[in-house]
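The lines below spell out each chain.
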Amino acid sequence: MSSIIQNRKTIFLYAWGMLALVVLFLWQSDAIAVSLARNTMWLCSAVCAFSLPFGLFLAITMFRTDLPFRRCLAVLLIAQLFLPLYLQMAGWDAAFGKLGWQTMSYGSTARPLLSGWAAAIWIHAAAAVPWFVVIIGLGLRDVEAVVAEAAVLNGTWIQVFARVTLPRALAATVVAVLWICVMTAGDMTVTNVFQVRTFAEELYTGFALGNDFNASVLGIRPGALMIAGMLLTSLTAIRWLTPEPSNDSPRRARKFALGHWRWPVFGVVVVIVMGLFGVPIVSLINKAGIVVQSAGDERLRSWTWMQFGTILFQAPARYGEYFLWTLVTAGISSALAVVAGAMLAWWATRRRLGGACAFLTASVCFAMPGPLVGMALIGLLNHPHEVTIFLYDKTVVAPVLAMTVKALPLAILVCWQGYRIISTESLAAATLDGAGVVRRFFSFGIVRCWPVVLVAALVTFAVSAADLAANILVMPPGVTTVAVRIFELVHAGVDNQVASICLWVVEMYFVVANAIIWAARLLLRRD
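Residues numbered from 1 in each chain as written. Predicted model: local features only at pLDDT ≥ 70, side-chain atom pairs only at ≥ 80, totals over all residues. Heavy atoms only, no water.

S.K.: Tell me about the environment of F487, and name the residues and values.
M.R.: Position of F487 among the secondary structure elements: in helix α22 (residues 482-490). F487 sits 294 residues away from V193 along the chain, and the two C-alpha atoms are 8.3 Å apart. The contacts of F487, once residues within four sequence positions are left out, are M188, T189, N192, V193, Y204, L468 and I472. (Helix = DSSP H or I, 4+ residues; strand = E, 2+ residues; numbered from the N terminus. Contact = heavy atoms within 4.5 Å.)

Printed below as a string of C-alpha cells:
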C-alpha cells in the first residue's frame, strides 16, 4: 500500500510541476513556439487516446486471464515493440499512402487516406500499443495474491477485478501514458515525412537548414522549457519503472477464468494484434510482388510469386552495405550501452547514490529528443582540430554515441531489474573471501547474471538499430544505415524496392524478438 501512496504522490507532484512549466512557457514564448508546443501536445494526446483502449484491453487479457496461445501473441507484440518506427510507417504507407494498394485501387493519389495529421496520429498510435501492453501488464501482474484472495471473500472475481486489480494498476497506466508522450514528442520520423510541425521535427528541419539550437525558431528559453517538461515526464515514468529494494517476492494473484468467453475474446485479441502487426507486413509483401504492365493507355497491376522472390532475393546484394553499417554501429552501441548500464545498475543496487545516478542518467537520456542528441554531438565533435575532425568525419563515433544515448535507459532498467536476483548473503560471502568490487561485479553481475546481460544486449541492439532521429544528423560521409536509407526513400512513397528492404528488416527483428523472449524465460526461471 505504501508504494501505491508513493506513486500517487509522485504523480501529484508531476502534475504541479508541469503546470508551473506551462505557465513559464506561455510567459516566455512567442506565437510560433506556442504553436509547436500545442502541436506536440495534441499529437501526444491523440496518440494516447487512440492506443490506450487497445493497450489496456490486450494487457488485461494477456496478463490477467487464461487466454489461449498467450506466448504466440507475446512474440508478435515483442517483435512490434522494437520494430523501428520508420518500418511501421513504411508498412502503413504501403497500404494507405500515396503509392499504397488501397490508394491505387480505390482512392486518389492526390488525397490518400494516410496523410498529414491522420497519418502521424495513426502510425504513432499503432507503435504505442505494445508499450501500453507491456507497461500496464507489469502493473497488473504485480497485484499480490493475498490482497486479491482476501477481497474475493466479500465479492465476485469481477468485483475484485474492478475494485482491486484495476485501481492498483492505475499508476502503471499513468506511467505508460507518460512514457508514450516522451517517445512521441522526441521523435521526428513520422512528422517529417507527413509534414506535421512539432518540437522535434522543427529542431531537425531547422538544423538541416543550417540553424543551431539557439538560432532556431523556438528560441533558447522556450526550447529549454519544453525539454524541461519532457525531462520531468521522463523522471516520473522512470521512477516507477526502477525496482524498489525488497527482500521478499510476494505470490502473484491467479489469473481470471474467461469461461465460455475464452475463445470469443481470443478472436478479438487476434483481430487487434493482426490488424496492428499483419496489415503493414502484408502490405509490404503485396508491394514487393507487384508487376505493372502496359496495355495501350492502361497500366495493369498484378502480383506474382516470381516478382516477389526476385525482388526479395536481390535486396541483400543491393542494400548489403546499409545492413553492414547497421550491424556495425548498432553492435558497438549495444556493447557500450550494456557495459555502462550494467555498471550503473550494479552501483544502484549497492548504494543509494548509485541509485540516484542511474535514475537521473536513464531519465535524461530518455527525455532528450533525438535531433537534440545529434546537435549536442555535433557541438562536441565538430571542431577544427585534427583529432575531432578525424573522429567526426572518418569514423562512426558520432552515430554510435547517439545510438548509445538512446539505448542506455533500457540497458539500465533491464540490468537493474535483473540484479534483484543476487542475494546479499552471496555478496557478503564473496567479500569475506577477499573479492574486490571489480571481481564481485564480474562474477555476479556478468557471469552469474548472464541472462540479464543477454536480454540487455538484445534490447539495446534492437533500439540502436531502430534509431533514426538521433543519428541521422551525425552520419559521416560514406556511411548510411538501413534506417537512414529507408527514411530517404519513403518520402517519395513505398515502391517494391523499399518494400523488399523493409521485409528483410522485419525478419531481422522477428529473430531478435524471439531471442529476447528466450533469454527472458531463462531469466525468469532463475528469478
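S.K.: Give a description of a nonpolar patch on the surface that names residues and reports values.
M.R.: Together, L324, V328, I332, L336 and L401 give the surface a local cluster of nonpolar side chains, amounting to about 380 Å² of exposed area. Taking the relative accessible area as the measure of exposure, V328 reaches 32% and is therefore partly exposed. (Patch = residues over 30% accessible without salt bridge, like charges linked within 9 Å, V, L, I, M, F, W, Y side chains within 5 Å. Areas by Shrake-Rupley, 256 points an atom, 1.4 Å probe, with all protein chains shown as cover. Salt bridge = Lys/Arg side-chain N within 4 Å of Asp/Glu carboxyl O. Buried < 20%, exposed > 50% of the residue type's maximum accessible area, 1.4 Å probe, protein only.)

S.K.: Go over helix α4 (residues 85-96) with me, naming the residues and quoting the values.
M.R.: It helps to recall that an α-helix has 3.6 residues per turn; residues three or four apart then point in one direction. Along its twelve residues, α4 runs 16 Å from first to last C-alpha, staying within 8% of the 16 Å computed at 1.5 Å per residue. Along α4, the residues classified as buried are L85, Y86, L87, Q88, M89, A90, G91, W92, D93, A94 and A95. (Expected span 1.5 Å × (residues − 1).)

S.K.: Could you give an account of the nonpolar core, naming the residues involved and the relevant values?
M.R.: Counting residues in hydrophobic clusters, the biggest one holds 154 residues, and the most contacted among them are F82, Y419, V505 and Y509. The contact partners of F82, leaving out residues within four places of it in the chain, are W131, L410, V459, A462, V463, A466, Y509 and I516. (Core = buried A, V, L, I, M, F, W, Y, C linked by side-chain atoms within 4.5 Å.)

S.K.: Provide a residue-level description of the packing of helix α16 (residues 370-381) against helix α18 (residues 397-418), including the pertinent values.
M.R.: One can describe the packing of α16 onto α18 by two numbers: an axis separation of 10 Å at closest approach and a directional angle of 140 degrees. Here α16 lies oblique to α18, going by the angle between them. For the pair α16 and α18, the crossing hand works out as right-handed. Here V373, L377 and L381 of α16 lie close against α18, whose contacting residues are V397, A398, L401, A402, V405 and K406. Classifying every residue of the contact of α16 with α18 gives eight nonpolar, no polar and one charged. (Axes fitted to C-alpha atoms, helices over the stretch in contact; angles between N-to-C directions. Parallel < 35°, antiparallel > 145°, perpendicular 65-115°, else oblique. Left-handed = near helix turned anticlockwise from the far one by under 90°. Nonpolar A, V, L, I, M, F, W, Y, C, P; charged D, E, K, R; others polar.)

S.K.: Which residues make up the pattern of salt bridges, and what values do they have?
M.R.: Counted by the stated rule, this structure contains three salt bridges. In this structure, R262 engages D66 in a salt bridge whose closest nitrogen and oxygen atoms are separated by 3.8 Å. Here R262, found in helix α13 (residues 262-288), pairs with D66, found in the loop between α2 (31-64) and α3 (70-82); they are 196 residues apart in sequence, far enough to count as distant. Accessibility expressed as a relative area gives 27% for R262, which makes it partly exposed. Across the pair R485 and E488 runs a salt bridge, and its minimum N-O distance is 3.2 Å. Of this pair, R485 and E488 both sit in helix α22, three residues apart, which is roughly one turn of that helix. On the accessibility criterion, E488 (43% relative accessible area) is partly exposed.

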